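# Chain and residue survey
Here are the chains, one letter per residue:
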Amino acid sequence: MKYSAIAALTVSMALCASAYADKAPGSGPNPFSDCGIGAALFPEHKVLAVTSNVIWDIGTTAVTSATASPETCSGKNVDAAAFILNSYDSLIEETARGEGEHLSALLNILEVTPEQQTKIIANLRTEMSQHIAEDSYLAADKREKSQRFYTTVISAVTSA
């Protein structure tokens with residue numbers, strides 16, 4: 001187990017290095033401290049961000065986000081992820097109702113126009129109702145539920 005984790009971490013770091021081979025060193029985000037759920041949970045504490053990313057999934061999500069879409073490693077997406085984690089219970093309740101203060105704040109963080117909000121909320125409600133109906137939802141902890149909500153809202157915003 002220990003060796004497979006080290007091997008996966010090494011592969012992840014190699015993938016990250018190859019993704020930035022055509023750019024100046026240091027020009028992109030550090031996938032372990034600036035990306036992934038670790039960056040969202042601990043934006044001011046790099047060591048905790050790295051530790052969280054490695055514990056969560058050996059850093060593969062963070063590395064993937066850094067290589068595929070480095071713009072998601074900072075700014076409004078990180079702010080949205082942190083907001084979701086901190087207000088998940090209110091967000092899920094307001095999503096079920098189709099309106100609410102936290103839901104509006106989240107859409108404002110993501111810079112969703114008022115014209116798009118109705119469609120995005122409808123899509124979010126549909127997707128989250130399906131997720132909540134799954135057996136795995138009941139077994140998930142708050143962080144896992146928050147990550148699922150984040151993925152769902154980003155998908156709804158992107159497709160709007």
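Residues numbered from 1 in each chain as written. Predicted model: local features only at pLDDT ≥ 70, side-chain atom pairs only at ≥ 80, totals over all residues. Heavy atoms only, no water.

### Quick look at the side chain of Ser87
Tracing the backbone shows Ser87 in the loop between α6 (76-86) and α7 (88-97). With relative accessibility at 9%, the residue Ser87 sits in the buried group. (Helix = DSSP H or I, 4+ residues; strand = E, 2+ residues; numbered from the N terminus. Buried < 20%, exposed > 50% of the residue type's maximum accessible area, 1.4 Å probe, protein only.)

### Description of the environment of Thr118
Tracing the backbone through its elements, the reader meets Thr118 in helix α9 (residues 114-133). Between the alpha carbons of Thr118 and Glu99 there is a distance of 9.4 Å; along the sequence they are 19 residues apart.

### Some thoughts on the confidence of the model for the protein
Summarising the model, the protein shows a mean pLDDT of 75, and 58% of its residues fall at 70 or more. Of all secondary-structure elements in the protein, the lowest mean pLDDT belongs to helix α1 (residues 2-19), at 45, while α7 reaches the highest, 96. (pLDDT = per-residue confidence, 0-100.)

### Notes on the side chain of Gln117
Relative to the elements of secondary structure, Gln117 occurs in helix α9. The class of Gln117 is buried, set by a relative accessible area of 17%. Among the polar contacts listed, one links the side chain of Gln117 to the backbone oxygen of Val112, at a separation of 3.4 Å. In this structure Gln117 touches Leu107, Asn108 and Val112, once residues within four positions along its chain are discounted. (Polar contact = N/O pair within 3.5 Å; in protein donor to acceptor, adjacent residues only side chain to side chain. Contact = heavy atoms within 4.5 Å.)

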